Amino acid sequence: MDVHNRYMQRCLDLALTGLGQVAPNPMVGAVLVVDDRIIGEGYHRKYGSHHAEVEAINSVADPRLLSRATLYVNLEPCCHHGKTPPCTDLIIKSKIPEVIIGTVDPFYAVAGEGIARLRAKGCRVNVGVLKEACRELNKRFFTFHEKKRPYIVLKWAQTADGFIDIDRLPGAEKRPTWITSERLRMLVHKWRSEEMSIMVGTNTALKDNPQLNVRDWHGSSPARILLDRSLKLTKAYHLLDQSHPTIIINELKQEASNNIQFVRLLFDQNLLHSIMALLYESRIQSLLIEGGRHLLQSFIDQQLWDEARIFTGTQFFGSGIAAPKIKSYKAIDHIHIGQESFFRIRNT
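Note that the structure is a prediction, hence the values are computed from the model and not measured.

Colleague: Which parts of the structure should I look at to understand the sheet that holds strand S4 (residues 98-103)?
Modeller: Sheet strands associate in pairs through backbone hydrogen bonding, adopting either a parallel or an antiparallel arrangement. Pairing in this open sheet of 5 strands is mixed, and the strands run S2-S1-S3-S4-S5 from one edge to the other. What marks the edges here is a single partner per strand, and that holds for strand S2 (37-43) and strand S5 (124-127). Between one strand axis and the next, the sheet turns through 15° on average, direction left out of account. The pairing of strand S1 (residues 29-34) with strand S3 (residues 70-75) spans 4 bridges and is classified as antiparallel. By the bridge assignment for S3, leucine 32 is matched with leucine 71. Sheet strands in contact with helix H1 (residues 3-16) are S1, S2, S3, S4 and S5, and its direction is about 55° off that of S3. Contacts from helix H4 (residues 113-120) reach S4 and S5, with the element oriented near 150° to S5.

Written out as structure tokens, the structure is:
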């Protein structure tokens, strides 16, 4: 492996450790190298804490080596004051002569300015090492800043004959119809811990009474988003229990109380785009949709999705609610887990 690629891959490995902890910031890792030897490294651990470059520089036992070091970082160092000072200032102050960067930061306050500032101070800068891998790692961050909406993940489980549920009326039984095994449900809770928000529609909330939190994995629960046009849910449902920040999109009420925010939007053909604008304004960079067929298919039909994660179980329902249909996609993973399978696809 090329030496630059090797150290950039180390940056990516370090950065991934921050998954689910640093949003809305990007995941970043940094490595300092002298004479083909790592003298320091670090990663962005939590939103509001030191950035990766600071962690790496502070980890160096002998600061005199910094004037001979090459800094590898998967994302352009910041050059603005946010919750922490600019990383470019510290790099310049530390007299690091060379910086290898995976990709330019799309955030408007950086967007090439960090690179320009380093070069203006005489630092040698190389940009584009493992660029696609660096973008993939921070796909949520790039989608948010480039498309002005969250990165959208669709998730559902379907039977061997293509159904996601039996025919049930809201209120008949407030529990989900399980299709997959316990270990796959644990994986879903891991996914919840990695995203900033999770969404369901009214029928799913009424029929399943979901909590939409993280229980079978360690991590923070996402913000819950409920589409409830006429406010059918009562306080008896988990989504109104005030346990986690919850946004209820409806046509009747606009107010906030403790952990629940009611947002009034018009439920017309522009609803999903209005929701995207709301989430962008709220700095929510990713959205996991665990709704029923109607909600999932609505996002699919309007091309408002980036990735779909589909489980196929071993059960046969014979009839019921058919699984959503996606016509055009790029396959990424198809994994068999016992007799069950997991299929991950991306929007083309």
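Colleague: What is the right way to read the environment of arginine 119 from this model?
Modeller: Along the polypeptide, arginine 119 turns up in helix H4. Between the C-alpha atom of arginine 119 and that of proline 97, which follows or precedes it by 22 residues, the distance is 9.9 Å. When near neighbours in sequence (up to four residues on either side) are disregarded, arginine 119 contacts Val125 and Val127. There is a polar contact of 3.1 Å between the side chain of arginine 119 and the backbone oxygen of valine 125.

Colleague: What is the right way to read the packing of aromatic side chains from this model?
Modeller: A ring pair, where both rings are aromatic, is described by two values, the distance of the centres and the angle of the planes. Summed over all chains, the structure comprises 8 aromatic pairs. Plain terms: the ring middles of tryptophan 191 and phenylalanine 342 are 5.5 Å apart, the flat faces sit at 45° to each other, and that makes the pair tilted. Residue tryptophan 191 is located in helix H7 (residues 182-194), and its partner phenylalanine 342 is located in strand S17 (residues 340-347); the two are separated by 151 residues in the primary sequence. Among the aromatic residues, those joined into a ring-pair cluster are Trp191, Phe311 and Phe342.

Colleague: How should the layout of surface pockets be read in this particular structure?
Modeller: Here the idea is plain: a probe the size of a water molecule rolls over the atoms and shows the empty space left. Size it by volume and the second largest pocket reaches roughly 620 Å³. Around the second largest pocket, the lining is made up of 32 residues, and of these Asn25, Pro26, His80, Phe107 and Phe141 lie nearest the centre. Where the lining of the second largest pocket is concerned, the elements lending two or more residues are helix H2 (52-58) and helix H6 (139-147). Element by element, the count of residues in the lining of the second largest pocket is highest for H6, at 3 residues.

Colleague: When you look at the nonpolar core in this model, what are you seeing that I'm missing?
Modeller: Of all hydrophobic cores here, the largest spans 32 residues; its most connected members are Leu154, Ile249, Ile275 and Phe299. Breaking this core down by element, the ones donating at least two residues are strand S6 (151-158), strand S9 (223-227), strand S10 (246-250), helix H9 (271-281), strand S13 (286-289), helix H10 (293-301) and strand S14 (307-312). What isoleucine 275 contacts, discounting residues up to four positions off in sequence, is Met199, Leu227, Ile249 and Leu265. Counting 25 residues, the second largest nonpolar core, distinct from the first, contains Leu32, Val73, Ile115 and Cys123.

Conventions used here
- Residues numbered from 1 in each chain as written.
- Predicted model: local features only at pLDDT ≥ 70, side-chain atom pairs only at ≥ 80, totals over all residues.
- Heavy atoms only, no water.
- Pairing = 2+ DSSP bridges.
- Helix = DSSP H or I, 4+ residues; strand = E, 2+ residues; numbered from the N terminus.
- Axes fitted to C-alpha atoms, helices over the stretch in contact; angles between N-to-C directions.
- Contact = heavy atoms within 4.5 Å.
- Polar contact = N/O pair within 3.5 Å; in protein donor to acceptor, adjacent residues only side chain to side chain.
- Phe/Tyr/Trp six-rings, centres within 6.5 Å; stacked < 30°, edge-to-face > 60°.
- 1 Å grid on protein atoms, 1.4 Å probe; cavity = no way out; pocket = protein on both sides within 12 Å on 5 of 7 lines; lining within 4 Å.
- Points joined across faces, edges and corners; volume = space filled by probe spheres on them.
- Core = buried A, V, L, I, M, F, W, Y, C linked by side-chain atoms within 4.5 Å.
- Buried < 20%, exposed > 50% of the residue type's maximum accessible area, 1.4 Å probe, protein only.

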